[in-house]
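Close look at the chain arrangement
Residue-level listing of the chains:
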Amino acid sequence: MSSGTLYDAVWDRHKVTTLPNGQDQLFVGLHLIHEVTSPQAFGMLRERDIDVARPDLTLATVDHILPTADQSRPYGDDAAEEMMTELEANVRDAGIEFLDPTSGDQGIVHVVGPEQGLTQPGKTIVCGDSHTSTHGAFGAIALGIGTSQIRDVLATQTIAMDKQQVRKIEVTGDLGEGVEAKDVILEIIRRLGTDGGVGYVYEYAGEAIESLGMEGRMSICNMTIEGGARAGYVNPDETTYEWLEQTDYFQENPDEFDRLKPYWESIRSDGDAEYDDVVTIDGSSLEPVVTWGTTPGQGVGITDPIPEPETLPEEKQDTARRAQEHMRVGPGDTMDGYEIDVAFLGSCTNARLPDLRRASKIVEGREVHDDVRALVVPGSQRVQHAAEEEGLKDVFEAAGFDWRNAGCSMCLGMNEDQLEGDEACASSSNRNFIGRQGSKDGRTILMNPQMVAAAAIEGEVTDVRELSEVVTV
Amino acid sequence: MTEDIPSVENLSGTGIPIRGNDIDTDQIIPARFMKVVTFDGLGEFAFFDQRFESATPPESRDGDGEAVVADDEQKDHPMNEARYQDASIMVVNNNFGCGSSREHAPQALMRWGIDALIGESFAEIFAGNCLALGIPTVTAEPEDVRDLQNWVEEYPDAEIDVDVAAETVHFDDRTISVSVDEGQRKALVEGIWDTTALMKSNQQAIADTAANLPYVGGD
């Protein structure tokens, strides 16, 4: 087993006891909740007549079902209105802070936690959402959980967990032109497989990771779950501390920052930490990666050929054949030139300010292709307002993009934003599963935000490096 | 506090094979059916897009409130076949339940009638969510899983016995050895898979742990 890693340190600090079933009981430092996975848990609590143990360590927002166009109440969709009303009642009764759309702080749960300064190094963070792994970018141990576990956390502020092994993934070198954090994680999943991380937590390290800003690190940790690992993290450093220092929370509590920093430093992985596995990837050799199939592991460099299913590991061949049939692609072709109908810039993976900035550089002075409907859905109201302030909204709208309000939107099609029929979508989101974007015949091609912008302009998957103004992170 | 939590030692029932690797939770329960505040009624939406042509649930109901779907609206899928309607043991392949953490996925399978899953491997959050419902996720060698899937297709009315405690599955005249994660096995067999009660009894230790964390204030 690993020793001396951040994971070991944070685990030990939060371990309450070992349970009779052999699992460890861990204290939860921050519990994030949203409208989709929490109502049943509150219902279970009511059935057992249990109160929420630590509303002060719980934060709620609404993101999955929220309309991104007309947000006037009641919502046009009765089911969405019911879920929102239920969440409002639950947080009011329990005394939980709720970042609702009138607060100016609402957004996708994995965007708002870090914005609020509540995502911090050395915390255990859970949420009924698999992309909770995002928060690991700050050196937190962040885990997606199911609804029965949400009940556990609401009732006890603890969770029952098995300790995992730790795999260090070292990404060396500098990322090239047009290559982003998204491409790094798509490449990692392609190489290690969608189930390669089962039983592991991923520690991301190396110069290519360290030179990323917090947003890039979040994109990588976000998609850790797509590689089968339950959590992923980056050791906190000056980049992390700079982000934290600028949040409202620490601006208002500068003493807190000074008081907590030694703890943040103390949980970093030791130089001589032991890992259960180490994988090294040469970041400088990467090009923009796009998916050709229906799992996030089915990615390929934009100039590389789509693989023959027969050349893949045996257990991946059948999935690959069915994916190629669904996507209507053939082995040997590249994805460059694959026609799209929709371009979606959004999601907890890639809808933060720098993501929108890079995409806007590609869009500026150009027009969305006639056959494409394109939309930008900022990750939070704060991102939205900041982007509007610096003129990004104008750039996108001038090019023909729809500029929307914050939410999960077309990443999973729980609101009005969905693919129709067999539309193909260039998407900055995280999952290309069949049906994911709201249509069972829809086709999703995952890529970085600049690549989405380029696809929107050209009407087909395009190597962004062939356009001018390509941005290097 | 745990007196009403049943132990899950042995399960018997007929099987249903769901073939394919990397079957994700978006397939098991598409997100549009999660716009609900209870898990009731999710069973009929399990694998909806694999089972039905239409994107929307049928409006017509029979006397029991069950959905009525015309034959030409149904796709080829084991869950649509009459011979599997009473199945309680689902036999799956590799990395089943990957993707979203939605507990709606095992809830939908459970409400359709599934009590146990046998597979080559399971995604972790999915397996954890199953455990929280008292549903074992036992793993077997790929060859054994394929044998079992073929056998179930041939004998859909025959019993499969899953022995969680002994880590075996019995079917036909065969007994195959399977693996059950140690924590899962203990929790199921001893009836301690409902962790809320288990953990709530450790109040003092929880308070002590919290007090030792620099970022946590007092209650």
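A quick note: this is a predicted structure, and the numbers were derived from the prediction, not measured.

Examining the overall build of chain B
For chain B, the helix and strand inventory stands at eight helices and seven strands. Expressed as a percentage of its 219 residues, the buried residues of chain B come to 47%.

So, the overall build of chain A
A count of helical and extended segments in chain A gives 16 helices and 19 strands. On C-alpha atoms alone, chain A measures out to a radius of gyration of 21 Å, which is about the 23 Å that the 2.2 N^0.38 rule sets for 473 residues. Every one of the 473 residues in chain A was classed for burial, and the buried ones make up 62%. Taking contacts inside chain A between residues at least 6 apart in sequence as the whole, the part at least 24 apart equals 77%.

Quick look at helix 11 (residues 254-266) of chain A
Helix length check: helix 11 of chain A (13 residues) gives 19 Å between terminal C-alpha atoms against 18 Å at 1.5 Å per residue, within 8%. Within helix 11 of chain A, the axis deviates most sharply at Leu260(A), by approximately 35°, and proline Pro262(A) lies no more than four positions further along.

Looking at the environment of Val52(A)
All names here are of chain A. Its location among the elements puts Val52 in the loop between helix 2 (39-48) and strand 4 (58-61). In sequence terms Val52 and Asp93 are 41 residues apart; their C-alpha atoms lie 9.5 Å from each other. Ignoring anything within four residues of it in the chain, the contact list for Val52 reads Thr58, Ala94, Ile96 and Leu154.

Details of the sheet that holds strand 5 (residues 97-99) of chain A
Residue and element names in this part refer to chain A. Reading across the sheet, the five strands line up as 5-4-3-6-7 and stay open at both edges, with parallel pairing between neighbours. The strands lining the two open edges of the sheet, one partner per strand, are strand 5 and strand 7 (141-144). Strand after strand, the sheet turns through a mean of 20° between neighbouring axes, direction not considered. The pairing of strand 6 (residues 124-127) with strand 7 spans four bridges and is classified as parallel.

Quick look at the sheet that holds strand 19 (residues 443-446) of chain A
All names here are of chain A. Spatially, five strands are ordered 17-16-15-18-19 in an open sheet, and the strand pairing comes out parallel. The sheet is open, and its two borders are formed by strand 17 (402-403) and strand 19, each paired with just one other strand. Here strand 15 (residues 342-345) runs beside strand 18 (residues 424-427); their pairing, made up of three bridges, is parallel. Counted as the bridge partner of Phe344 is Ser427 from strand 18.

Focus on the packing of helix 13 (residues 353-363) of chain A against helix 15 (residues 392-399) of chain A
The relative placement of two packed helices is expressed as an angle between their axes plus a distance between the axes. All names here are of chain A. Viewed as axis vectors pointing N to C, helix 13 and helix 15 meet at an angle of 40°, and their least axial separation amounts to 10 Å. In this view, helix 13 runs oblique relative to helix 15, as classed from their interaxial angle. Helix 15 is crossed by helix 13, and the crossing has left-handed handedness. Along its contact with helix 13, which presents Leu356, Arg357, Ser360 and Val363, the element helix 15 presents Leu392, Val395, Phe396 and Ala399. Along the lines of polarity and charge, the residues of the contact of helix 13 with helix 15 split into six nonpolar, one polar and one charged.

Observations regarding the domain arrangement of chain A
All names here are of chain A. The domain boundaries assigned to chain A delineate domain 1 (6-266) and domain 2 (289-466). Here the C-alpha centre of domain 2 lies 24 Å away from the C-alpha centre of domain 1. Listed by partner, the interface residues are 37 residues for domain 1 and 35 residues for domain 2. Within the residue set of the side of domain 1 that touches domain 2, elements represented by two or more residues are helix 4 (109-115), helix 6 (181-192) and helix 8 (214-222).

Observations regarding the confidence of the model for chain B
Averaged over chain B, the pLDDT score is 92; the fraction of residues at 70 or greater is 90%. Across the whole predicted complex the pTM is 0.95, and at the interface the ipTM reaches 0.94.

Here we look at the environment of His131(A)
Along the chain, the position of His131(A) falls in the loop between strand 6 and strand 7. Beyond its immediate stretch of four places on either side in the chain, His131(A) contacts His110(A), Gly144(A), Asn222(A), Ile225(A), Cys348(A) and Asn430(A).

Observations concerning the pairing of strand 3 (residues 116-119) of chain B
All names here are of chain B. Burial of the side chains of strand 3 extends over both faces: Ala116 and Ile118 are buried on one face and Leu117 and Gly119 on the other. In terms of strand pairing, strand 2 (residues 89-91) meets strand 3 through three bridges, oriented parallel. Bridge assignment links Met90 to a residue of strand 3, and that residue is Leu117. In this region the chain leaves strand 2, passes through helix 3 (residues 104-112) and returns to the parallel neighbour strand 3; the handedness of that crossover is right-handed. Of the pairings in the sheet, the one linking strand 3 to strand 4 (residues 137-139) comprises three bridges and is parallel in character. Each residue of the ladder has a partner; that of Ile118, found in strand 4, is Val138. For the crossover from strand 3 across helix 4 (residues 124-132) to strand 4, the handedness is right-handed.

Conventions used here
Residues numbered from 1 in each chain as written. Chains lettered and ligands numbered in written order. Predicted model: local features only at pLDDT ≥ 70, side-chain atom pairs only at ≥ 80, totals over all residues. Helix = DSSP H or I, 4+ residues; strand = E, 2+ residues; numbered from the N terminus. Buried ≥ 20, exposed ≤ 12 C-beta atoms within 10 Å, placed from the backbone. Rg over C-alpha atoms; globule rule 2.2 N^0.38 Å. Contact = placed C-beta atoms within 7 Å. Expected span 1.5 Å × (residues − 1). Bend = angle between axes of the 7 residues up to and from the residue. Pairing = 2+ DSSP bridges. Axes fitted to C-alpha atoms, helices over the stretch in contact; angles between N-to-C directions. Parallel < 35°, antiparallel > 145°, perpendicular 65-115°, else oblique. Left-handed = near helix turned anticlockwise from the far one by under 90°. Nonpolar A, V, L, I, M, F, W, Y, C, P; charged D, E, K, R; others polar. Domains from an automatic or database assignment. pLDDT = per-residue confidence, 0-100. Right-handed = clockwise from strand over helix to strand, strands pointing away.

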